[in-house]
Amino acid sequence: MAQSELAQNIWLQALDYIQANEKISKTSFDNWFSQTKAISLNQDEIIIETYDTFVSDWLKNKFSEIIQEALVHVLGAPIHMRFIAKEKEVPVQKPIETPTNTPTVKKTMKTIVPLEQPRERSIAEKTMKADQHQFLQPTLLTESDFESNLNYHYTFENFVVGGGNRLAYNIALAVSEDPGSRYNPLFIYGGSGLGKTHLMQAIGNQIHIQGDDKRILYVTCEDFVNDFINNLSKNNMTKFRNKYRDIDILLVDDIQFLAKKEAMQEEFFHTFNHLYQNGKQLVITCDTQPSEISKLTDRLRTRFEWGIMVDITVPDLETRMAILQRKLNADNMLEDVPRNVIEYIASQFDSNIRELEGGLSRVVAYSTMFGKNDITLELAIEALKGFSKSQQAVISIYKIQKVVASYFNIQVDDLKSKKRKQPLVKYRHIAVYLCKLLTDSSLQKIGKEFGGRDHTTVMHSVQTIEAELKTEADTQRMIQEIQELL
(Lines give C-alpha, C1' and ligand atoms only; values in the text may rest on other atoms or scores of the structure.)
Protein backbone atom coordinates (compact mmCIF):
# COMPACT_ATOMS: atom_id res chain seq x y z
CA MET A 1 0.00 0.00 0.00
CA ALA A 2 1.37 3.45 -0.93
CA GLN A 3 2.35 5.80 1.88
CA SER A 4 -0.44 8.28 1.05
CA GLU A 5 -3.06 5.51 0.97
CA LEU A 6 -1.87 4.16 4.32
CA ALA A 7 -1.98 7.67 5.82
CA GLN A 8 -5.51 8.25 4.57
CA ASN A 9 -6.68 4.83 5.78
CA ILE A 10 -5.40 5.60 9.28
CA TRP A 11 -6.91 9.08 9.16
CA LEU A 12 -10.35 7.71 8.20
CA GLN A 13 -10.25 5.42 11.22
CA ALA A 14 -9.25 8.38 13.39
CA LEU A 15 -12.13 10.41 11.98
CA ASP A 16 -14.60 7.66 12.84
CA TYR A 17 -13.28 7.81 16.42
CA ILE A 18 -13.55 11.63 16.48
CA GLN A 19 -17.08 11.55 15.09
CA ALA A 20 -18.16 9.25 17.91
CA ASN A 21 -16.72 11.65 20.54
CA GLU A 22 -19.59 13.27 22.44
CA LYS A 23 -17.58 16.51 22.68
CA ILE A 24 -17.78 16.97 18.89
CA SER A 25 -21.15 18.11 17.58
CA LYS A 26 -22.36 17.07 14.15
CA THR A 27 -22.05 20.65 12.91
CA SER A 28 -18.46 20.90 14.17
CA PHE A 29 -17.51 17.60 12.61
CA ASP A 30 -19.09 18.40 9.24
CA ASN A 31 -17.36 21.76 9.00
CA TRP A 32 -13.93 21.19 10.53
CA PHE A 33 -13.17 17.54 9.77
CA SER A 34 -15.23 16.25 6.86
CA GLN A 35 -13.07 17.76 4.11
CA THR A 36 -9.67 16.92 5.59
CA LYS A 37 -7.36 14.16 4.44
CA ALA A 38 -4.00 12.68 5.41
CA ILE A 39 -1.39 12.97 2.67
CA SER A 40 1.74 11.64 4.37
CA LEU A 41 2.75 9.37 7.24
CA ASN A 42 6.08 8.22 8.64
CA GLN A 43 7.27 6.97 12.01
CA ASP A 44 7.38 10.46 13.48
CA GLU A 45 4.68 12.52 11.78
CA ILE A 46 1.34 12.53 10.03
CA ILE A 47 0.46 15.42 7.72
CA ILE A 48 -3.19 16.48 7.52
CA GLU A 49 -4.36 18.62 4.61
CA THR A 50 -7.29 21.06 4.79
CA TYR A 51 -8.79 23.39 2.21
CA ASP A 52 -7.67 26.69 3.80
CA THR A 53 -5.37 28.10 6.47
CA PHE A 54 -8.18 29.11 8.81
CA VAL A 55 -9.37 25.51 9.11
CA SER A 56 -5.79 24.31 9.63
CA ASP A 57 -5.21 26.82 12.41
CA TRP A 58 -8.53 26.00 14.09
CA LEU A 59 -7.89 22.25 14.06
CA LYS A 60 -4.43 22.80 15.51
CA ASN A 61 -5.50 25.27 18.22
CA LYS A 62 -8.91 23.88 19.13
CA PHE A 63 -8.91 20.13 18.46
CA SER A 64 -5.29 18.95 18.79
CA GLU A 65 -5.96 17.01 21.98
CA ILE A 66 -8.98 15.16 20.55
CA ILE A 67 -7.17 14.42 17.28
CA GLN A 68 -4.12 13.06 19.12
CA GLU A 69 -6.37 10.87 21.25
CA ALA A 70 -7.95 9.45 18.08
CA LEU A 71 -4.56 8.76 16.46
CA VAL A 72 -3.30 7.03 19.61
CA HIS A 73 -6.44 4.90 19.53
CA VAL A 74 -5.64 3.85 15.95
CA LEU A 75 -1.83 3.67 16.08
CA GLY A 76 -1.30 2.68 19.70
CA ALA A 77 1.22 5.48 20.31
CA PRO A 78 1.43 9.30 20.06
CA ILE A 79 2.57 10.85 16.80
CA HIS A 80 3.46 14.40 15.77
CA MET A 81 0.74 16.13 13.74
CA ARG A 82 1.24 18.79 11.08
CA PHE A 83 -1.64 20.66 9.46
CA ILE A 84 -1.23 22.26 6.05
CA ALA A 85 -3.68 24.13 3.84
CA LYS A 86 -4.30 23.55 0.18
CA GLU A 87 -5.85 26.81 -0.98
CA LYS A 88 -8.50 25.88 -3.48
CA GLU A 89 -12.19 26.10 -4.19
CA VAL A 90 -14.16 23.40 -2.41
CA PRO A 91 -17.65 22.25 -3.31
CA VAL A 92 -20.65 24.06 -1.95
CA GLN A 93 -21.40 22.28 1.32
CA LYS A 94 -24.80 23.19 2.62
CA PRO A 95 -27.75 24.82 0.94
CA ILE A 96 -29.52 27.74 2.50
CA GLU A 97 -33.09 28.61 3.22
CA THR A 98 -33.53 32.32 3.69
CA PRO A 99 -37.01 32.46 5.17
CA THR A 100 -39.38 35.34 4.72
CA ASN A 101 -42.23 36.18 7.09
CA THR A 102 -41.21 33.36 9.38
CA PRO A 103 -42.10 33.31 13.07
CA THR A 104 -39.64 34.71 15.56
CA VAL A 105 -38.73 32.89 18.72
CA LYS A 106 -39.30 35.39 21.50
CA LYS A 107 -37.74 33.14 24.14
CA THR A 108 -34.42 31.43 24.22
CA MET A 109 -34.29 27.73 23.55
CA LYS A 110 -32.97 24.94 25.74
CA THR A 111 -34.75 21.77 24.60
CA ILE A 112 -33.78 20.42 21.19
CA VAL A 113 -36.29 18.43 19.18
CA PRO A 114 -34.27 16.80 16.37
CA LEU A 115 -35.81 15.68 13.13
CA GLU A 116 -35.70 11.98 12.38
CA GLN A 117 -32.22 11.26 11.06
CA PRO A 118 -30.98 8.39 8.92
CA ARG A 119 -28.50 5.85 10.25
CA GLU A 120 -25.15 7.48 11.03
CA ARG A 121 -22.60 6.41 8.45
CA SER A 122 -18.88 5.90 8.88
CA ILE A 123 -16.40 8.29 7.32
CA ALA A 124 -15.54 5.83 4.59
CA GLU A 125 -19.22 5.63 3.64
CA LYS A 126 -19.49 9.39 3.55
CA THR A 127 -17.11 9.91 0.63
CA MET A 128 -18.97 12.05 -1.87
CA LYS A 129 -18.33 13.39 -5.38
CA ALA A 130 -17.14 16.98 -5.58
CA ASP A 131 -20.27 18.17 -7.35
CA GLN A 132 -22.76 16.75 -4.84
CA HIS A 133 -24.70 18.96 -2.45
CA GLN A 134 -25.80 17.83 1.00
CA PHE A 135 -29.25 18.98 2.00
CA LEU A 136 -29.14 18.86 5.78
CA GLN A 137 -32.27 19.19 7.86
CA PRO A 138 -32.06 22.08 10.36
CA THR A 139 -32.33 21.30 14.05
CA LEU A 140 -35.66 22.45 15.48
CA LEU A 141 -35.45 24.53 18.63
CA THR A 142 -38.06 25.21 21.30
CA GLU A 143 -38.66 28.13 23.65
CA SER A 144 -37.36 28.94 27.11
CA ASP A 145 -37.69 31.87 29.47
CA PHE A 146 -35.40 34.63 28.15
CA GLU A 147 -36.22 36.92 25.24
CA SER A 148 -33.46 36.33 22.71
CA ASN A 149 -35.36 37.43 19.56
CA LEU A 150 -33.66 34.59 17.66
CA ASN A 151 -35.33 33.09 14.61
CA TYR A 152 -34.92 29.34 14.91
CA HIS A 153 -34.82 28.91 11.11
CA TYR A 154 -31.38 30.51 10.95
CA THR A 155 -28.87 27.70 11.55
CA PHE A 156 -25.48 26.69 10.23
CA GLU A 157 -27.03 23.54 8.78
CA ASN A 158 -29.17 25.41 6.26
CA PHE A 159 -26.59 28.00 5.25
CA VAL A 160 -25.05 27.51 1.80
CA VAL A 161 -21.28 27.80 1.95
CA GLY A 162 -19.61 29.19 -1.16
CA GLY A 163 -16.53 31.14 -2.14
CA GLY A 164 -18.01 34.49 -1.13
CA ASN A 165 -18.90 33.54 2.44
CA ARG A 166 -16.71 30.57 3.40
CA LEU A 167 -14.35 32.52 5.66
CA ALA A 168 -17.23 34.33 7.37
CA TYR A 169 -18.99 31.00 7.90
CA ASN A 170 -15.92 29.33 9.42
CA ILE A 171 -15.22 32.23 11.75
CA ALA A 172 -18.87 32.44 12.82
CA LEU A 173 -18.84 28.73 13.62
CA ALA A 174 -15.62 29.18 15.59
CA VAL A 175 -17.24 31.99 17.60
CA SER A 176 -20.25 29.79 18.40
CA GLU A 177 -17.93 27.10 19.77
CA ASP A 178 -15.82 29.45 21.89
CA PRO A 179 -17.74 32.73 22.48
CA GLY A 180 -16.01 35.68 24.10
CA SER A 181 -12.58 34.36 23.31
CA ARG A 182 -10.46 34.67 20.18
CA TYR A 183 -12.73 36.55 17.78
CA ASN A 184 -14.32 39.31 19.80
CA PRO A 185 -15.92 41.39 18.50
CA LEU A 186 -16.87 39.68 15.24
CA PHE A 187 -17.76 42.28 12.62
CA ILE A 188 -19.49 40.89 9.50
CA TYR A 189 -20.05 43.25 6.59
CA GLY A 190 -21.43 43.02 3.07
CA GLY A 191 -24.33 44.01 0.85
CA SER A 192 -28.00 43.54 1.63
CA GLY A 193 -29.48 40.07 1.28
CA LEU A 194 -26.23 38.08 1.34
CA GLY A 195 -26.78 36.17 4.60
CA LYS A 196 -25.28 38.36 7.34
CA THR A 197 -28.37 38.08 9.55
CA HIS A 198 -28.61 34.34 8.93
CA LEU A 199 -24.99 33.82 9.96
CA MET A 200 -25.28 36.05 13.02
CA GLN A 201 -28.37 34.30 14.33
CA ALA A 202 -26.85 30.90 13.53
CA ILE A 203 -24.20 31.73 16.13
CA GLY A 204 -26.87 32.29 18.77
CA ASN A 205 -28.84 29.18 17.83
CA GLN A 206 -25.72 27.02 17.79
CA ILE A 207 -24.75 28.16 21.29
CA HIS A 208 -28.23 27.13 22.46
CA ILE A 209 -27.87 23.76 20.76
CA GLN A 210 -24.61 23.19 22.64
CA GLY A 211 -26.47 23.69 25.91
CA ASP A 212 -24.13 26.35 27.29
CA ASP A 213 -27.06 28.10 29.00
CA LYS A 214 -25.78 31.50 27.89
CA ARG A 215 -27.99 34.57 27.87
CA ILE A 216 -28.22 35.78 24.26
CA LEU A 217 -29.86 38.84 22.75
CA TYR A 218 -30.35 39.54 19.04
CA VAL A 219 -31.44 43.06 18.15
CA THR A 220 -31.43 45.28 15.09
CA CYS A 221 -29.69 48.60 15.49
CA GLU A 222 -33.00 50.31 14.75
CA ASP A 223 -34.63 48.45 17.65
CA PHE A 224 -31.70 49.40 19.90
CA VAL A 225 -32.21 53.08 18.98
CA ASN A 226 -35.98 52.92 19.51
CA ASP A 227 -35.52 51.12 22.82
CA PHE A 228 -33.06 53.80 23.92
CA ILE A 229 -35.47 56.63 23.03
CA ASN A 230 -38.45 54.97 24.74
CA ASN A 231 -36.58 54.29 27.98
CA LEU A 232 -35.00 57.73 27.97
CA SER A 233 -38.42 59.39 27.64
CA LYS A 234 -39.69 57.31 30.58
CA ASN A 235 -36.57 58.03 32.67
CA ASN A 236 -35.97 54.30 32.82
CA MET A 237 -32.37 53.96 31.61
CA THR A 238 -31.43 51.50 34.36
CA LYS A 239 -33.82 48.95 32.88
CA PHE A 240 -32.44 49.63 29.40
CA ARG A 241 -28.84 49.12 30.50
CA ASN A 242 -29.64 45.95 32.42
CA LYS A 243 -31.30 44.52 29.33
CA TYR A 244 -28.27 45.03 27.11
CA ARG A 245 -25.48 44.47 29.62
CA ASP A 246 -26.69 41.57 31.76
CA ILE A 247 -26.16 39.07 28.93
CA ASP A 248 -23.42 36.80 27.57
CA ILE A 249 -23.78 37.33 23.82
CA LEU A 250 -25.02 40.48 22.09
CA LEU A 251 -25.90 40.26 18.38
CA VAL A 252 -26.49 43.65 16.73
CA ASP A 253 -27.72 43.81 13.13
CA ASP A 254 -27.16 46.77 10.75
CA ILE A 255 -24.97 48.87 13.01
CA GLN A 256 -24.69 51.50 10.25
CA PHE A 257 -27.93 53.00 11.60
CA LEU A 258 -25.91 54.43 14.50
CA ALA A 259 -24.38 56.90 12.02
CA LYS A 260 -24.98 60.55 12.97
CA LYS A 261 -26.74 59.56 16.23
CA GLU A 262 -24.28 60.84 18.81
CA ALA A 263 -26.30 60.05 21.96
CA MET A 264 -26.93 56.48 20.81
CA GLN A 265 -23.27 56.04 19.89
CA GLU A 266 -22.33 57.15 23.40
CA GLU A 267 -24.69 54.60 24.96
CA PHE A 268 -23.58 51.80 22.67
CA PHE A 269 -19.94 52.66 23.41
CA HIS A 270 -20.48 52.04 27.14
CA THR A 271 -22.52 48.88 26.47
CA PHE A 272 -19.74 47.59 24.22
CA ASN A 273 -17.07 48.34 26.83
CA HIS A 274 -19.03 46.64 29.62
CA LEU A 275 -19.58 43.44 27.67
CA TYR A 276 -16.09 43.31 26.18
CA GLN A 277 -14.31 43.89 29.49
CA ASN A 278 -16.36 41.10 31.07
CA GLY A 279 -15.46 38.60 28.36
CA LYS A 280 -18.87 38.63 26.69
CA GLN A 281 -19.17 38.02 22.95
CA LEU A 282 -20.25 40.76 20.56
CA VAL A 283 -21.28 40.08 16.96
CA ILE A 284 -22.06 43.04 14.71
CA THR A 285 -23.22 43.26 11.10
CA CYS A 286 -23.05 46.20 8.76
CA ASP A 287 -23.41 47.00 5.08
CA THR A 288 -19.86 48.32 5.00
CA GLN A 289 -16.66 48.14 7.02
CA PRO A 290 -16.25 50.46 10.07
CA SER A 291 -14.00 52.96 8.29
CA GLU A 292 -16.78 53.69 5.78
CA ILE A 293 -19.61 54.32 8.28
CA SER A 294 -20.57 57.98 8.03
CA LYS A 295 -20.01 60.10 11.14
CA LEU A 296 -19.09 57.24 13.44
CA THR A 297 -16.95 58.26 16.41
CA ASP A 298 -13.33 57.14 16.26
CA ARG A 299 -13.53 55.31 19.56
CA LEU A 300 -16.42 53.15 18.33
CA ARG A 301 -14.76 52.60 14.96
CA THR A 302 -11.55 51.35 16.59
CA ARG A 303 -13.49 49.06 18.91
CA PHE A 304 -15.32 47.48 15.98
CA GLU A 305 -11.89 46.74 14.53
CA TRP A 306 -10.48 45.21 17.74
CA GLY A 307 -11.49 41.64 16.98
CA ILE A 308 -11.89 40.37 13.43
CA MET A 309 -13.66 41.85 10.41
CA VAL A 310 -14.88 39.57 7.65
CA ASP A 311 -16.92 40.32 4.55
CA ILE A 312 -19.58 38.39 2.66
CA THR A 313 -19.56 38.91 -1.09
CA VAL A 314 -22.08 38.02 -3.75
CA PRO A 315 -22.51 34.26 -4.30
CA ASP A 316 -21.23 32.65 -7.50
CA LEU A 317 -23.53 30.82 -9.91
CA GLU A 318 -22.97 27.40 -8.32
CA THR A 319 -23.80 28.75 -4.88
CA ARG A 320 -26.92 30.50 -6.15
CA MET A 321 -28.10 27.27 -7.76
CA ALA A 322 -27.53 25.44 -4.48
CA ILE A 323 -29.61 28.08 -2.68
CA LEU A 324 -32.49 27.51 -5.08
CA GLN A 325 -32.12 23.74 -4.85
CA ARG A 326 -32.24 23.95 -1.06
CA LYS A 327 -35.42 26.01 -1.14
CA LEU A 328 -37.06 23.65 -3.62
CA ASN A 329 -35.98 20.67 -1.55
CA ALA A 330 -37.46 22.20 1.59
CA ASP A 331 -40.74 22.80 -0.26
CA ASN A 332 -40.75 19.27 -1.75
CA MET A 333 -40.66 20.70 -5.27
CA LEU A 334 -37.20 19.68 -6.48
CA GLU A 335 -38.46 17.13 -9.02
CA ASP A 336 -40.86 19.66 -10.57
CA VAL A 337 -38.21 22.16 -11.67
CA PRO A 338 -35.61 21.11 -14.26
CA ARG A 339 -31.96 21.94 -13.75
CA ASN A 340 -31.85 24.28 -16.75
CA VAL A 341 -34.63 26.37 -15.17
CA ILE A 342 -32.75 26.53 -11.86
CA GLU A 343 -29.62 27.60 -13.70
CA TYR A 344 -31.53 30.26 -15.64
CA ILE A 345 -33.08 31.76 -12.51
CA ALA A 346 -29.69 31.72 -10.76
CA SER A 347 -28.13 33.54 -13.71
CA GLN A 348 -30.71 36.35 -13.51
CA PHE A 349 -30.11 37.35 -9.87
CA ASP A 350 -26.47 37.70 -8.91
CA SER A 351 -26.34 40.11 -6.00
CA ASN A 352 -29.10 39.41 -3.49
CA ILE A 353 -30.38 36.13 -2.07
CA ARG A 354 -33.81 37.54 -1.24
CA GLU A 355 -34.26 38.67 -4.85
CA LEU A 356 -32.98 35.29 -6.03
CA GLU A 357 -35.58 33.41 -4.01
CA GLY A 358 -38.19 35.98 -5.01
CA GLY A 359 -37.45 35.15 -8.64
CA LEU A 360 -38.02 31.47 -7.96
CA SER A 361 -41.31 32.21 -6.18
CA ARG A 362 -42.40 34.34 -9.14
CA VAL A 363 -41.75 31.49 -11.60
CA VAL A 364 -43.65 28.99 -9.44
CA ALA A 365 -46.55 31.42 -8.92
CA TYR A 366 -46.64 32.21 -12.65
CA SER A 367 -46.96 28.52 -13.52
CA THR A 368 -49.80 28.11 -11.01
CA MET A 369 -51.61 31.25 -12.09
CA PHE A 370 -51.71 30.23 -15.75
CA GLY A 371 -52.34 26.55 -15.10
CA LYS A 372 -49.00 25.35 -16.45
CA ASN A 373 -48.29 21.84 -15.20
CA ASP A 374 -44.63 21.83 -16.26
CA ILE A 375 -42.15 24.53 -15.32
CA THR A 376 -40.07 24.91 -18.46
CA LEU A 377 -37.24 27.23 -19.43
CA GLU A 378 -39.61 29.12 -21.75
CA LEU A 379 -42.05 29.64 -18.88
CA ALA A 380 -39.27 30.91 -16.59
CA ILE A 381 -38.09 33.39 -19.23
CA GLU A 382 -41.64 34.66 -19.67
CA ALA A 383 -42.26 34.90 -15.91
CA LEU A 384 -39.08 36.89 -15.27
CA LYS A 385 -39.38 39.20 -18.27
CA GLY A 386 -38.45 42.69 -17.10
CA PHE A 387 -38.26 41.47 -13.49
CA SER A 388 -34.64 40.39 -13.01
CA LYS A 389 -31.88 42.93 -12.68
CA SER A 390 -29.83 41.24 -15.37
CA GLN A 391 -32.56 42.21 -17.85
CA GLN A 392 -32.36 45.83 -16.79
CA ALA A 393 -29.64 48.39 -17.47
CA VAL A 394 -27.29 47.46 -14.64
CA ILE A 395 -24.05 49.42 -14.50
CA SER A 396 -21.09 47.41 -13.28
CA ILE A 397 -17.56 48.45 -12.31
CA TYR A 398 -16.21 46.75 -15.41
CA LYS A 399 -18.71 48.56 -17.66
CA ILE A 400 -17.65 51.90 -16.18
CA GLN A 401 -13.99 51.02 -16.70
CA LYS A 402 -14.65 50.11 -20.36
CA VAL A 403 -16.60 53.29 -21.10
CA VAL A 404 -14.10 55.55 -19.32
CA ALA A 405 -11.17 53.86 -21.10
CA SER A 406 -12.91 54.27 -24.47
CA TYR A 407 -13.81 57.91 -23.74
CA PHE A 408 -10.19 58.83 -22.98
CA ASN A 409 -8.74 56.46 -25.64
CA ILE A 410 -6.77 54.33 -23.16
CA GLN A 411 -6.87 50.69 -22.05
CA VAL A 412 -8.79 49.31 -19.04
CA ASP A 413 -5.45 47.93 -17.82
CA ASP A 414 -4.16 51.53 -17.65
CA LEU A 415 -6.88 52.34 -15.12
CA LYS A 416 -5.84 49.33 -13.02
CA SER A 417 -2.10 49.99 -13.29
CA LYS A 418 0.20 51.66 -10.78
CA LYS A 419 1.16 54.42 -13.24
CA ARG A 420 1.09 57.86 -11.60
CA LYS A 421 1.49 60.15 -14.61
CA GLN A 422 -1.06 62.78 -15.55
CA PRO A 423 -3.58 62.76 -17.14
CA LEU A 424 -3.96 59.03 -16.40
CA VAL A 425 -4.35 59.72 -12.68
CA LYS A 426 -7.23 62.10 -13.46
CA TYR A 427 -8.92 59.49 -15.66
CA ARG A 428 -8.58 56.91 -12.90
CA HIS A 429 -10.07 59.33 -10.34
CA ILE A 430 -13.06 59.85 -12.64
CA ALA A 431 -13.59 56.11 -13.14
CA VAL A 432 -13.41 55.43 -9.41
CA TYR A 433 -15.78 58.32 -8.66
CA LEU A 434 -18.35 56.98 -11.14
CA CYS A 435 -18.08 53.50 -9.63
CA LYS A 436 -18.86 54.93 -6.22
CA LEU A 437 -21.69 57.07 -7.64
CA LEU A 438 -23.38 54.53 -9.91
CA THR A 439 -22.88 51.14 -8.24
CA ASP A 440 -23.63 49.64 -4.83
CA SER A 441 -20.04 48.42 -4.48
CA SER A 442 -18.09 49.10 -1.29
CA LEU A 443 -14.89 51.15 -1.37
CA GLN A 444 -12.97 47.94 -0.74
CA LYS A 445 -14.61 46.22 -3.72
CA ILE A 446 -13.91 49.21 -6.00
CA GLY A 447 -10.28 49.33 -4.88
CA LYS A 448 -9.88 45.63 -5.58
CA GLU A 449 -11.15 46.12 -9.16
CA PHE A 450 -8.66 48.96 -9.69
CA GLY A 451 -5.48 46.99 -9.20
CA GLY A 452 -5.89 46.11 -5.53
CA ARG A 453 -5.95 49.65 -4.13
CA ASP A 454 -7.09 50.13 -0.54
CA HIS A 455 -10.27 51.94 0.49
CA THR A 456 -8.42 55.11 1.56
CA THR A 457 -7.06 55.51 -1.98
CA VAL A 458 -10.58 55.09 -3.36
CA MET A 459 -11.90 57.69 -0.92
CA HIS A 460 -9.16 60.09 -2.02
CA SER A 461 -10.19 59.69 -5.69
CA VAL A 462 -13.85 60.28 -4.86
CA GLN A 463 -13.09 63.36 -2.76
CA THR A 464 -10.80 64.76 -5.46
CA ILE A 465 -13.50 64.59 -8.14
CA GLU A 466 -16.17 65.90 -5.76
CA ALA A 467 -13.99 68.96 -5.11
CA GLU A 468 -13.31 69.51 -8.83
CA LEU A 469 -17.01 69.29 -9.70
CA LYS A 470 -17.61 72.40 -7.61
CA THR A 471 -15.15 74.56 -9.53
CA GLU A 472 -13.94 72.94 -12.79
CA ALA A 473 -16.25 73.07 -15.81
CA ASP A 474 -14.11 70.54 -17.73
CA THR A 475 -14.56 67.90 -15.05
CA GLN A 476 -18.30 68.59 -14.94
CA ARG A 477 -18.54 68.17 -18.72
CA MET A 478 -16.54 64.91 -18.79
CA ILE A 479 -18.57 63.34 -15.98
CA GLN A 480 -21.83 64.30 -17.67
CA GLU A 481 -20.75 62.94 -21.06
CA ILE A 482 -19.51 59.65 -19.62
CA GLN A 483 -22.74 59.20 -17.64
CA GLU A 484 -24.72 59.69 -20.85
CA LEU A 485 -22.60 57.03 -22.56
CA LEU A 486 -23.22 54.67 -19.64
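Turning our attention to the environment of Q206. Along the chain, Q206 falls in helix α6 (residues 196-209). Between the C-alpha atom of Q206 and that of F156, which follows or precedes it by 50 residues, the distance is 7.6 Å. In contact with Q206, other than residues within four places in its own chain, are S25, T27, F156 and S176.

Note that soluble globular proteins tend to have their nonpolar side chains buried in a common cluster. If you look at the biggest cluster of nonpolar residues, it comprises 54 residues, and the most contacted ones within it are W32, F33 and I67. One finds L217, F228, M237 and L300 within the second-largest nonpolar core, a separate group that totals 29 residues.

To continue, consider the state of the cysteines. The final tally for this structure, using the stated rule, is zero disulfides. For the unlinked cysteine C286, the closest cysteine sulfur is that of C221, found at 8.9 Å.

Okay, the sheet that holds strand β1 (residues 37-41) next. Spatially, β1-β2-β3 is the arrangement adopted by the three strands of the open sheet, whose pairing is mixed. The sheet is open, and its two edges are formed by β1 and β3 (80-85), each paired on a single side. Adjacent strand axes in the sheet meet at a mean angle of 30 degrees, parallel and antiparallel pairs treated alike. Pairing of β1 with strand β2 (residues 45-50) involves four bridges; the strand directions are antiparallel. When the sheet's bridge partners are listed, S40 is paired in β2 with I47. Contacts from helix α4 (residues 64-75) reach β2 and β3, with the element oriented near 120 degrees to β3.

Turning to the side chain of R301, a few remarks are in order. Its place among the elements puts R301 in helix α10 (residues 298-304). Among all residues touching R301, those that are not within four sequence positions of it are P290, S291, I293 and L296.

Below, the discussion takes up the sheet that holds strand β9 (residues 281-286). Strands sit in the order β7-β8-β9-β6-β10 across an open sheet of five strands; the sheet is parallel. On the outer flanks of this sheet lie β7 (216-220) and β10 (308-312), each paired with one strand and no other. Averaged over all pairs of adjacent strands, the angle between strand axes in this sheet comes to 15 degrees, irrespective of strand direction. Across four bridges, the pairing between strand β6 (residues 186-190) and β9 is parallel. Across the sheet, the residue bridging to I188 is T285, located in β9. Sheet contacts for helix α7 (residues 221-233): β7 and β8 (249-253); angle to β7, the most-contacted strand, approximately 95 degrees.

This paragraph deals with the pattern of salt bridges. Scanning the model with the defined rule gives 13 salt bridges in all. In this structure, R477 and E481 form a salt bridge, with 3.4 Å as the shortest nitrogen-oxygen distance. Pair noted here: R477 and E481 are both in helix α20 (residues 473-485), with a separation of four residues, about one helical turn. Linked by salt bridges that have partners in common, R241, R245 and E267 make up one network.

Our focus in this paragraph is helix α11 (residues 317-330). Here α11 is 14 residues long and its end C-alpha atoms lie 20 Å apart, about the 20 Å a rise of 1.5 Å per residue gives. Here α11 lies mainly inside the structure; ten of its 14 residues are buried. Turning to α11, its buried residues are T319, R320, M321, A322, I323, L324, Q325, R326, K327 and L328. Against α12 (339-348) and α13 (353-369) lie the buried residues of α11.

Procedures and definitions
Residue numbers run consecutively from 1 along every chain, following the written order of its sequence. Totals for whole chains, interfaces and linings use every residue, but because this is a predicted model, local features are given only for residues with pLDDT of at least 70 and side-chain atom pairs only at 80 or more, for both listing and counting. By convention in this description, side-chain values take in all heavy atoms of the structure and omit both hydrogens and water. Put simply, DSSP H or I for four residues or longer makes a helix, DSSP E for two residues or longer makes a strand, and each gets a number counted from the N terminus. Contact between two residues is taken to exist if any of their heavy atoms lie within 4.5 Å; hydrogens are not considered. Remark: nonpolar core denotes a set of buried residues (Ala, Val, Leu, Ile, Met, Phe, Trp, Tyr, Cys) joined through side-chain atoms within 4.5 Å. Remark: exposure states derive from per-residue accessible area (1.4 Å probe, protein chains only) relative to the maximum for the residue type, with buried under 20%, exposed over 50%, and partly exposed in between. For the purposes of this analysis, a disulfide is any pair of cysteine sulfur atoms at a distance within 2.5 Å. Following DSSP output, two strands are said to pair if at least two bridges run between them. A fitted line through C-alpha atoms represents every axis, and for helices the fit uses only the stretch in contact; the resulting angles, taken between N-to-C directions, go from 0 to 180 degrees. By definition here, a salt bridge exists when the distance from a side-chain nitrogen of Lys or Arg to a carboxyl oxygen of Asp or Glu is within 4 Å. Helix span is expected to be 1.5 Å times the residue number reduced by one.

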